[in-house]
Amino acid sequence: MQSYCAALHITHSFFEYSMENLSKLLNSKLIDKHNRHLNYLRISITDRCNLQCSYCIPRNLIPKLRHREILSYEEILRLIRIGVSLGISKVRITGGEPLVRKGVHGFLEELTKINGLSDISLTTNGVFLKDNLEMIKAAGIKRINVSLDTLNRQRFKEITGHDVFNQVWGGIELAHKMGFDPIKLNVVVLKGINDDEFIDFARLTFSYPFHIRFIEYMPMGNSRMMADRQMFAPEIKNRLSALGKLIPVARGINDGPAERFKFEDAKGEIGFICPISQHFCNTCNRLRLTASGQLRPCLLSDYQEDLKVALRKGYSDNKLAEIILKAVRHKPSQHNLSMNSSAGLSGQMHAIGG
Ligand code: SAM
């Protein structure tokens, strides 16, 4: 009887969940020419970052945007509400470094009050994480991603230009103690720089329930890093096999593009995000809003729509929605980066937010 009830409950909640998703899908206007349902908006709230990662910050420093050149929190919240009315249900706050923008606390609180958002997360380099965790929790955000490319303090300094590894790690440990779950650690894979640490990162999943995400480096935006630093997922998996068999983890409904695995008896997971070796353009559900109010339907294309100008010309919600729909219509079927080429993109990762 008990197991019958449990089965009924599972079926019922699955049914409810899929009905809810189905109705969102049917009501969504954000379906592109290639039948992709774009329900995920990544928002960069600042172009400023307190780290200077060699693979992210461009060779020729670009002047920082002045305050009036970036969207105000009110403007961002208005665009999110319009996005939700069109079909956005998932939002990630990124940067630059989101935790360096003043007033981020109040913004996150307002964000979590918006009806219709079922998933809100934050990506940070972790430097100010410790001091902000209470505020992030109080705002209602449960999921955080921390970018961490090395577990070695000296190397961290070499990659980022700042000797703050201990601060970042302290923030991650505190987030874990405070019950944030999952905590994803994003590792951009760089040949000759951190490829001797894959095993150390993977070992963390035996002691912590962290999700380690190995991300293929995308050469773009005139960064100081060379394309020959690239390494692809098959080679990483091969190296990790020294730790045991990678067991595939079933995909969840809200999953991103990561291919997920687990080692037997591990608390955490390993994931691979392979925009180059195994691009996931056919399932891409993302739109990106830059700090300067540009809406980009593809990270790896320079096409964008200027929502800031439209906002500041006093456009109505309907007119702003039309611009969003135009960007959706222009989402390319796939990007042009391949294992043997780099697309000459002018877009800067630190400004778009990854
Ligand atoms: N400051 C925040 C952080 O560190 O997570 C958010 C912005 S940062 C641009 C977002 C992510 O993009 C980071 O995980 C970073 O490592 C990643 N990233 C930057 N440049 C990249 C590149 N060329 N290829 C792949 N990932 C990159």
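Quick notes on the rules
Residues numbered from 1 in each chain as written. Predicted model: local features only at pLDDT ≥ 70, side-chain atom pairs only at ≥ 80, totals over all residues. Heavy atoms only, no water. Near = heavy atom within 4 Å. Polar contact = N/O pair within 3.5 Å; in protein donor to acceptor, adjacent residues only side chain to side chain. Areas by Shrake-Rupley, 256 points an atom, 1.4 Å probe, with all protein chains shown as cover. Nonpolar A, V, L, I, M, F, W, Y, C, P; charged D, E, K, R; others polar. Phe/Tyr/Trp six-rings, centres within 6.5 Å; stacked < 30°, edge-to-face > 60°. Helix = DSSP H or I, 4+ residues; strand = E, 2+ residues; numbered from the N terminus. Buried < 20%, exposed > 50% of the residue type's maximum accessible area, 1.4 Å probe, protein only. Lys NZ or Arg CZ within 6 Å of the ring centre and 35° of its normal.

1. Regarding the site of the ligand
Right, on to step 1. Close to the ligand lie 17 residues, the nearest being Tyr 55, Gly 96, Thr 123, Ser 147 and Met 218.
Right, on to step 2. Between the ligand and the protein, one listed contact pairs a nitrogen atom with a backbone N or O atom of Gly 96 at 2.8 Å.
Right, on to step 3. A distance of 2.7 Å separates a nitrogen atom of the ligand from a polar atom in the backbone of Met 218.
Right, on to step 4. Coverage of the ligand by the protein chains reaches 93% of its 550 Å² of free accessible surface.
Right, on to step 5. Along the lines of polarity and charge, the residues of the shell around the ligand split into six nonpolar, nine polar and two charged.

2. Let's talk about the packing of aromatic side chains
Right, on to step 1. In the structure shown here, the tally under the stated rule is 11 aromatic pairs.
Right, on to step 2. Here the aromatic rings of Tyr 73 and Phe 107 are separated by 4.8 Å at their centres, their planes lie at 20°, and the arrangement is stacked. With Tyr 73 in helix α2 (residues 73-86) and Phe 107 in helix α3 (residues 104-112), this pair connects stretches of sequence that are 34 residues apart. Across the pair, Phe 107 and Tyr 73 agree in class, each one buried.
Right, on to step 3. Judged by centre distance (6.4 Å) and plane angle (15°), the rings of Phe 165 and Trp 169 are stacked. Residue Phe 165 and its partner Trp 169 are both found in helix α6 (residues 165-177); the two are separated by four residues, about one turn of the helix. Each of the two residues, Phe 165 as well as Trp 169, counts as buried.
Right, on to step 4. Site record: aromatic cluster; members linked through ring pairs are Phe 156, Phe 165, Trp 169, Tyr 208 and Phe 210.
Right, on to step 5. Over the aromatic face of Tyr 40 sits the side chain of Lys 90, whose NZ or CZ is 4.6 Å from the ring centroid.
Right, on to step 6. Sitting above the plane of the Tyr 73 ring, Arg 101 keeps its charged end 4.0 Å from the centroid.

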